[in-house]
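Coordinate inspection notes
What follows is the residue order along each chain.
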Amino acid sequence: MPQAMPDYTQRDATDRWNAVAEAWAIRYGANDANRRFLLDPVLLNLLGAVTRKRVLDAGCGEGYFARRLAQMGAQVTGMELAERMLQRAVQQEERQPLGIAYLHGDITAMGLCSESFQAIVSNVVLVDVQDLAGALQEFFRVLQPGGVLVCSTIHPCFFTRDSGWVKDEQGRALHFRIDRYFERGAVEDVPWVDRSTPMIAFHHTLEDLVDGLLNCGFVLQRLLEPLPQPEYYQARPNDFNYDRIPNFLVIKAQKP
Ligand SMILES: C[S@@+](CC[C@H](N)C(=O)[O-])C[C@H]1O[C@@H](n2cnc3c(N)ncnc32)[C@H](O)[C@@H]1O
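Residues numbered from 1 in each chain as written. Predicted model: local features only at pLDDT ≥ 70, side-chain atom pairs only at ≥ 80, totals over all residues. Heavy atoms only, no water.

Our next topic: the side chain of N18. Relative to the helices and strands, N18 is located in helix α1 (residues 10-19). Take N18: its relative accessible area is 11%, and that puts it in the buried class. (Helix = DSSP H or I, 4+ residues; strand = E, 2+ residues; numbered from the N terminus. Buried < 20%, exposed > 50% of the residue type's maximum accessible area, 1.4 Å probe, protein only.)

Shown next as structure tokens:
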């Protein structure tokens with residue numbers, strides 16, 4: 001029998017992000033291999049030229065990607081729900097100003113004017129959002145016609161309420177187990193940011209995401225399952241499983 005999952009909410013998930021804000025900033029800063037050798041090159045390539053463009057970093061965390069975009073000449077707004085993550089972004093902006101406007105807010109109800117942005121980037125955020133449809137609708141609303149959404153997320157087919165590597169006695173990965181795919185909702189994940197705080201994410205299906213975008217009116221332009229660049233394995237020689245199943249899904253969609 002499947003086990004019942006606690007009824008965690010977006011607020012519970014946000015409390016966890018607040019609890020790990022410092023550890024996250026230390027561990028997943030500019031040197032993180034996932035950023036440098038996997039996601040950043042893909043996201044930046046899909047975004048194309050950003051100079052002088054109004055770009056929203058939706059779920060900006062402590063501002064890593066917002067800073068990258070501002071350094072490339074974009075006019076960046078960052079929105080973030082977890083107060084402590086946002087505080088770190090604001091402090092960094094005060095230390096080294098790049099002209100980024102940081103807002104405390106929920107990307108499912110932004111309170112921003114319609115058609116304000118030429119591009120939205122949302123880097124590994126949608127798996128942390130309870131109301132996925134609400135976020136996609138808001139993305140569509142605040143984008144200008146012709147504007148693009150580029151987002152990455154944990155691959156929804158490989159992150160469910162019951163999924164993970166099945167290992168042998170020596171700890172070698174035998175195969176990946178997926179179950180309970182259609183059970184949407186909160187997943188209490190392992191404490192992958194700091195050892196004392198399990199994270200809370202939200203499982204959505206691939207259909208929720210892709211059909212959700214199409215329902216809003218987006219035109220799907222790209223759907224990628226990026227593999228790490230070779231340098232990734234030099235930085236993290238023990239992560240041998242990334243080329244067996246995709247960890248991330250990256251999507252580019254346009255508002256017509
Ligand atoms: C994995 S972190 C990624 C942060 C950032 N995009 C980056 O590249 O470092 C996910 C972030 O999404 C934020 N988040 C989750 N749900 C949100 C929501 N509904 N509105 C705004 N931010 C949200 C979390 O608080 C967390 O900071």
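Now that the structure has been shown, the text picks up again.
Because each turn of an α-helix spans 3.6 residues, side chains separated by three or four positions end up pointing in the same direction. Most of helix α4 (residues 64-71) sits out of view: six of its eight residues are buried. Listed as buried for α4 are Y64, F65, A66, R67, L69 and A70. For α4, the elements touching its buried residues are α3 (33-47), β1 (54-58), β2 (75-80), α5 (83-95), β3 (101-104) and β4 (117-123). A positive phi of about 100° marks G73, the residue just after α4. (Contact = heavy atoms within 4.5 Å.)

Our next topic: the site of the ligand. The immediate surroundings of the ligand are formed by 19 residues, with R35, G59, E80, D106 and I107 found nearest. Between the ligand and D106, the relevant distance is 2.8 Å, taken from a nitrogen atom to a side-chain nitrogen or oxygen of the residue. Within the backbone of I107, one N or O atom sits 3.0 Å away from a nitrogen atom of the ligand. Expressed as a share of its isolated accessible area of 590 Å², the protein-covered part of the ligand is 99%. (Near = heavy atom within 4 Å. Polar contact = N/O pair within 3.5 Å; in protein donor to acceptor, adjacent residues only side chain to side chain. Areas by Shrake-Rupley, 256 points an atom, 1.4 Å probe, with all protein chains shown as cover.)

Next up on the list: the sheet that holds β3. The strand order β3-β2-β1-β4-β5-β11-β10 describes an open sheet built from seven strands, whose pairing is mixed. Two strands close off the open sheet at either side, each with one partner strand: β3 and β10 (219-224). Strand-to-strand twist across the sheet, computed as the mean angle between neighbouring axes with direction ignored, equals 15°. Running over the sheet, helix α6 (residues 132-142) touches β1, β4 and β5 (143-154) and is turned about 150° from β5. (Pairing = 2+ DSSP bridges. Axes fitted to C-alpha atoms, helices over the stretch in contact; angles between N-to-C directions.)

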